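Residues per chain, in single letters:
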Amino acid sequence: MFINISNHPSTVWHENQIGAARYYGEIVDISFPNIPPQIETEEIKPIVNGYIQKIETLTDGLTESIVVHVMGESVFSFMLVAALLKKNYKVVASTTERV
């Protein structure tokens, strides 16, 4: 399973991106949360915990063969990636050229 947590749902991805993600299995989109710039780090922790719960529910707590793509606001992304890695999920990030 390939879980996409970003502001870019897989429905708008280029065919090559979809193919690369499908290599890992079914693509599941989870919207990236709106993280206001003035939010305190302590306020982000419960949001991260909520996303971990969503992912664990979606995957039945299994981490094997699950890939999570995380792209977005950097503090939330860092905290979420750290929590996912601690639970043995494989995490990937994409790159893009800003135009």
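In this text, all values refer to a predicted model and were calculated from it rather than measured experimentally. (Residues numbered from 1 in each chain as written. Predicted model: local features only at pLDDT ≥ 70, side-chain atom pairs only at ≥ 80, totals over all residues. Heavy atoms only, no water.)

K.L.:
Would you mind going over the pairing of strand β3 (residues 67–70) in detail, with residue names and values included?
P.N.:
The alternating pattern of β3 places V67 and H69 and V68 and V70 on opposite faces, both of which are buried. Examined bridge by bridge, strand β1 (residues 2–6) and β3 share four bridges and lie parallel to one another. Note on β3: the bridge partner recorded for I3 is V68. Tracing the backbone out of β3, into helix α3 (residues 74–86) and back to the parallel element strand β4 (residues 90–92) gives a crossover that is right-handed. (Buried < 20%, exposed > 50% of the residue type's maximum accessible area, 1.4 Å probe, protein only. Helix = DSSP H or I, 4+ residues; strand = E, 2+ residues; numbered from the N terminus. Pairing = 2+ DSSP bridges. Right-handed = clockwise from strand over helix to strand, strands pointing away.)

K.L.:
So what about the side chain of S6? Which residues, and what values?
P.N.:
Along the chain, the position of S6 falls in strand β1. Classification of S6 as buried rests on a relative accessible area of 7%. Here H8 takes part through its backbone nitrogen, which lies 3.1 Å from a polar atom of the side chain of S6. Among all residues touching S6, those that are not within four sequence positions of it are I30, S31, F32, H69 and M71. (Polar contact = N/O pair within 3.5 Å; in protein donor to acceptor, adjacent residues only side chain to side chain. Contact = heavy atoms within 4.5 Å.)

K.L.:
Break down the pairing of β1 for me, with residues and values.
P.N.:
Extensive coverage of β1 is indicated by the burial of five of its five residues. Neither face of β1 is exposed, since F2, N4 and S6 on one face and I3 and I5 on the opposite face are all buried. As for the winding sense of the linkage, the β-α-β connection from β1 through helix α1 (residues 15–22) to strand β2 (residues 27–31) is right-handed.

K.L.:
Please provide a residue-by-residue account of the packing of aromatic side chains, values included.
P.N.:
This structure, assessed with the given rule, holds five aromatic pairs. An angle of 85 degrees between the planes, with centres 6.1 Å apart, marks the rings of F2 and W13 as edge-to-face. Of this pair, F2 sits in strand β1 while W13 is found in the loop between β1 and α1, placing the two residues eleven residues apart along the sequence. Grouping residues by exposure puts F2 and W13 together as buried. For the ring pair F32 and F76, a centre distance of 5.1 Å and an interplane angle of 80 degrees mean the geometry is edge-to-face. Note that F32 is positioned in the loop between β2 and α2 (41–58) and F76 in helix α3, a separation of 44 residues in sequence. The same class applies to F32 and to F76, which are both buried. An aromatic cluster of at least three residues, connected via ring pairs, comprises F2, W13, Y23 and Y24. Its end group placed over the ring of Y51, K54 keeps NZ or CZ at 4.2 Å from the ring centre. (Phe/Tyr/Trp six-rings, centres within 6.5 Å; stacked < 30°, edge-to-face > 60°. Lys NZ or Arg CZ within 6 Å of the ring centre and 35° of its normal.)

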